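One-letter residues, chain by chain:
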Amino acid sequence: MFSIKNHKVDINPWESAKKKLEIAAKEIDMDPNTLSYLNKTERSLVVSIPVIMDDGRLVNFEGFRCHHSTIRGPAKGGIRYSSDVTLDEIKALAFLMTMKNALLNLPLGGSKGGVRVDPHKVSKKELERITRRYTAEIINIIGPDIDIPAPDMGTDEQIMAWIFDTYSMQKGRPVPGVVTGKPTEIGGSVGRTGAVGTGMSYIVYEFCKRKDLDLKSMNIAIQGFGKVGKEIGKKLYDYGCNIIGVSDSKGGIYNPNGLEINDLIRFKNHENSVRDFDSNGGMKLNNEELIALECDMLCPCATENQLYSGNAESVNCRIILEGANSPTTSKADEIFESKDIIVIPDILANSGGVIISYFEYIQDIQSYFWDLDRINREMQHVLLDTFDVVYRVSKERNVSLRTAAYMIAGQRLAKAHELRGLFP
Ligand code: NAD
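Only a predicted model underlies this, so the values are computations on that prediction, with no experimental measurement involved.

Rules and cut-offs
Residues numbered from 1 in each chain as written. Predicted model: local features only at pLDDT ≥ 70, side-chain atom pairs only at ≥ 80, totals over all residues. Heavy atoms only, no water. Helix = DSSP H or I, 4+ residues; strand = E, 2+ residues; numbered from the N terminus. Rg over C-alpha atoms; globule rule 2.2 N^0.38 Å. Buried < 20%, exposed > 50% of the residue type's maximum accessible area, 1.4 Å probe, protein only. Near = heavy atom within 4 Å. Polar contact = N/O pair within 3.5 Å; in protein donor to acceptor, adjacent residues only side chain to side chain. Areas by Shrake-Rupley, 256 points an atom, 1.4 Å probe, with all protein chains shown as cover. Nonpolar A, V, L, I, M, F, W, Y, C, P; charged D, E, K, R; others polar. Domains from an automatic or database assignment. Phe/Tyr/Trp six-rings, centres within 6.5 Å; stacked < 30°, edge-to-face > 60°. Lys NZ or Arg CZ within 6 Å of the ring centre and 35° of its normal. pLDDT = per-residue confidence, 0-100. Contact = heavy atoms within 4.5 Å. Pairing = 2+ DSSP bridges. Axes fitted to C-alpha atoms, helices over the stretch in contact; angles between N-to-C directions. Buried area = accessible area lost by both parts, 1.4 Å probe.

A. Representation of the overall build of the protein. A count of helices and strands for the protein gives 14 helices and 12 strands. For 424 residues, the compact-globule formula gives about 22 Å, and the C-alpha radius of gyration of the protein, at 21 Å, lands near that figure. Expressed as lengths along the three principal axes of its C-alpha atoms, the size of the protein is roughly 55 × 55 × 45 Å. Counting only residues that meet the buried cut, the protein has 59% of its 424 residues in that class.

This is how it looks when you write it as structure tokens:
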């Protein structure tokens, strides 16, 4: 069975992330000093998280928080809980958040955090103790004016609630703006659940409109069926697409006649693997086979570097819609360009999550909450404006959508760097 982190990737995730900016930097003639500045992270904190487990043993977990850049505002980025998270992975994801927030023109920098733990293998009480101790260890570098975490892989609303509480207890006052993705009862925003999928659906709809493609007749394969995979699966199904293949970390299923996505979501929500779903005469397949399925659109929604030089040639679709962060290495990007496969890049495609996180943050600061209509209207506005400019630059400069997105983000970061100058 293909396994997520055991395969050989082209290069390390941090090097792969920088390569994407280098390509765009050439296009915009970025000052080499600015590029050199952006090629470093501002700070990375590695912490030990000692926790007493339910059986009385003390276990030291490893945690990270990294600020890639605060040049355009306080840093913002998720927290990942995964058994094999590394510092380089966190640096790459923090860098991506800088690019995403600059592309969206949000007044935020980029950050990411992680704890090396499989959240499914610890009890709820252990998870709470890990989260509270991790928050205490990184407390000096998070806060509404410094760095605002949010959920990512392996974390959820409950974990954000514990972070909010731990931080507030230390400060002696409630500070809801320290973290986003909280439950609505304690300062969360309506619309945050499902935001990534909603944003992806706006982008893909607009893309198909520009390209005169009929979404309804499309066959779709989705890799990864967690929060993001389920959200986009549901949206595409509601658009009338035929979801022919879905996978998770244990394997996948395929039925050329289409999968009943609502049943599949219900099945997956009961801690099952999609592999064991009764797909009405379909067949099981592994992740490499899922990636190679002949389809119109492949949605990688699992984790980074899933599409790399070793399997990019086997990809057999017209469009890749990146739900995951950094699922495609720069080598795979080159292969896709040579095969005329269009990649709708992560920093554009999955940015609905950070847009609503930003809305949550400003609602918390103002103690004034918006309704769902306003949330969706404003998100659509930011996303469609961003899509429009990326699409236009890509056409005008004859570059990929990813390079166009990095060119726009790079220009904004370079301008901020120029205006602020270098301290001291
Ligand atoms: P999640 O933990 O809810 O789900 C991850 C899914 O991927 C699970 O179904 C898991 O089984 C599956 N998976 C893991 N490795 C796999 C593999 N090799 N092949 C197939 N499936 C595999 O995580 P999520 O929140 O859905 O995040 C998924 C991706 O989307 C990550 O890259 C994350 O950074 C990105 N993302 C998340 C958010 C968010 O708000 N949650 C926002 C933007 C981007």
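B. Spatial organisation of the site of the ligand. The environment of the ligand is formed by 27 residues, the closest being R80, D152, K227, V228 and N325. Here an oxygen atom of the ligand and a backbone polar atom of G226 are 3.2 Å apart. Between the ligand and N287, the relevant distance is 3.0 Å, taken from a nitrogen atom to a side-chain nitrogen or oxygen of the residue. About the coverage of the ligand: the protein hides 90% of its 830 Å² of free accessible area. Put simply, the parts of the chain that give the shell around the ligand at least two residues each are helix 7 (227–239) and strand 7 (242–248). Grouping the constituent residues of the shell around the ligand by class yields nine nonpolar, 12 polar and six charged. When residues of the shell around the ligand are sorted by domain, at least three fall in each of domain 1 (42–185) and domain 2 (195–349).

C. Highlighting the packing of aromatic side chains. Under the criterion given, the structure shown has six aromatic pairs. Taken together, a centroid distance of 5.0 Å and an interplanar angle of 45° make the contact between F359 and W370 tilted. In this pair, F359 sits in helix 12 (residues 352–366) while W370 sits in the loop between helix 12 and helix 13 (372–397), placing the two residues 11 residues apart along the sequence. When sorted by exposure, F359 lands in the same class as W370, which is buried. When the centroid spacing of 5.5 Å and the interplanar angle of 25° are considered together, the rings of F387 and Y391 count as stacked. Of the two residues, F387 and Y391 are both situated in helix 13; the distance of four residues between them amounts to about one turn of the helix. Take F387 and Y391: they sit in the same class, and that class is buried. The cationic tip of R374 hangs over the ring face of W370; the distance from NZ or CZ to the ring centre is 3.9 Å.

D. The arrangement of the confidence of the model for the protein in detail. Looking at the protein as a whole, its pLDDT mean stands at 95, while 97% of the residues score no less than 70. Throughout residues 1–7 the model reports pLDDT below 50, and contacts reaching past four residues in sequence, or to other chains, amount to 16 contacts.

E. Quick look at the sheet that holds strand 8 (residues 251–254). Taken together, seven strands build an open sheet; the order of strands is 9-8-7-6-10-11-12 and the sheet is mixed. Every other strand in the sheet has two partners, leaving strand 9 (283–285) and strand 12 (342–344) as the edge strands with one partner each. Each neighbouring strand pair of the sheet contributes to a mean axis angle of 20°, computed without reference to strand direction. In terms of strand pairing, strand 7 meets strand 8 through four bridges, oriented antiparallel. The partner of G245 across the bridge, within strand 8, is Y254. The strands touched by helix 6 (residues 195–211) within the sheet are strand 10 (297–300), strand 11 (319–321) and strand 12, with strand 12 carrying the most contacts at an inclination of about 145°.

F. Quick look at the domain arrangement of the protein. Once the domains are mapped, the protein shows domain 1 (42–185) and domain 2 (195–349). The C-alpha centroid of domain 2 is placed 28 Å from the C-alpha centroid of domain 1. Contacts between the two partners involve 13 residues from domain 1, matched on the other side by 10 residues from domain 2. Across the domain 1/domain 2 interface, buried area totals approximately 860 Å², and carbon plus sulfur atoms make up 55% of it. The largest share of the area that domain 1 buries against domain 2 comes from L96, K100 and L103, three residues that together contribute 44% of it.

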